[in-house]
Amino acid sequence: MDTTKTADPTAPEADTAEPQAADVKADVKDAPAGESAEATEPALSDEELEDALDDELDDTEKVSDGVGAAASAVVAAGLGLVALSGSWVSRVIAERQTLVGQIESVNAATTEAKIQALYGDAWHMTALVNGVLSTLALLLAVFVLARPAFGAPGRTLPTWVRAVSWAAVALGALGVLLFGLMYFDILAPLPKAA
């Protein structure tokens, strides 16, 4: 009696093993000479690879330009807001000028000279520092708005970047006007002594 077993034709192992091997053999036979079954896509030439790399670099430059413009617009708006609300730097410089004015007021002959030494110089320094911050905000915002005109044709800023830049222009212009008038004693002149 023959004791060797044959595989059961209804067993799942017998059905799946043979077709897979047959499929692989058929793929190898169908592939053209010199190519494997996996490398059926055409190879790119050196020029095509360089063009693709240049396109990726251009996309990266466009993204970095947008990020720089957006950051500059936000910084300009922040500077304009800080200048109008009063900066820490202007307060420190004004307090220093007040101290210098107290030292100088000892030798002041008139009451108006004492007022100028104690308060006027400090107010002028505050207006000067905040005016400089406003001017920086204005210049930075104008630069952000004008930059696309000097760049690649067709490149524009996103709407929100333009809106923030225009807000920074408004804040900066208002600050320059306000602090200019304060510095030259037009808006809030020093009080006169009786």
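Just so you know, these numbers come straight off a predicted model, no measurement behind them. (Residues numbered from 1 in each chain as written. Predicted model: local features only at pLDDT ≥ 70, side-chain atom pairs only at ≥ 80, totals over all residues. Heavy atoms only, no water.)

Draft legend 1. Just the packing of helix α4 (residues 111-150) against helix α5 (residues 159-183), in detail. Interhelical geometry of α4 versus α5 gives an angle of 155° and a closest axis separation of 7 Å. Of the possible angle classes, the one that applies to α4 and α5 is roughly antiparallel. As α4 packs across α5, the resulting crossing turns out to be left-handed. Taken together, the residues that form the contact of α4 with α5 break down as 16 nonpolar, eight polar and one charged. (Axes fitted to C-alpha atoms, helices over the stretch in contact; angles between N-to-C directions. Helix = DSSP H or I, 4+ residues; strand = E, 2+ residues; numbered from the N terminus. Parallel < 35°, antiparallel > 145°, perpendicular 65-115°, else oblique. Left-handed = near helix turned anticlockwise from the far one by under 90°. Nonpolar A, V, L, I, M, F, W, Y, C, P; charged D, E, K, R; others polar.)

Draft legend 2. Representation of a negative patch on the surface in the model. Negative charge collects at one region of the surface, where D46, E47, E48, E50 and D51 lie side by side. Tracing the backbone through its elements, the reader meets E48 in helix α2 (residues 46-85). What makes E48 partly exposed here is its relative accessible area of 42%. (Patch = residues over 30% accessible without salt bridge, like charges linked within 9 Å, V, L, I, M, F, W, Y side chains within 5 Å. Areas by Shrake-Rupley, 256 points an atom, 1.4 Å probe, with all protein chains shown as cover. Salt bridge = Lys/Arg side-chain N within 4 Å of Asp/Glu carboxyl O. Lys, Arg positive; Asp, Glu negative; His and termini not counted. Charge placed at Lys NZ, Arg CZ, Asp CG, Glu CD. Buried < 20%, exposed > 50% of the residue type's maximum accessible area, 1.4 Å probe, protein only.)

Draft legend 3. View of the pattern of salt bridges. One pass over the full model with this rule turns up one salt bridge. A salt bridge links E95 to R91; its shortest N-O distance comes to 4.0 Å. On the criterion of helical spacing, the pair formed by E95 and R91 is a turn pair, its members being four residues apart in helix α3 (residues 88-105). Of the residues examined, R91 reaches a relative accessible area of 46% and is grouped as partly exposed.

Draft legend 4. Focus on the packing of α3 against α4. Contact geometry of α3 with α4 gives a least axis separation of 8 Å together with a crossing angle of 160°. When the axis of α3 is compared with that of α4, the two are roughly antiparallel. At the point where α3 passes α4, the crossing takes the right-handed sense. Seen from α3, the contacting residues are V89, S90, I93, A94, Q97, T98, G101, Q102, E104 and S105; seen from α4, they are K114, A117, L118, D121, A122, M125, T126, V129 and N130. Looking at the contact of α3 with α4 residue by residue, the classes come out as eight nonpolar, eight polar and three charged. (Contact = heavy atoms within 4.5 Å.)

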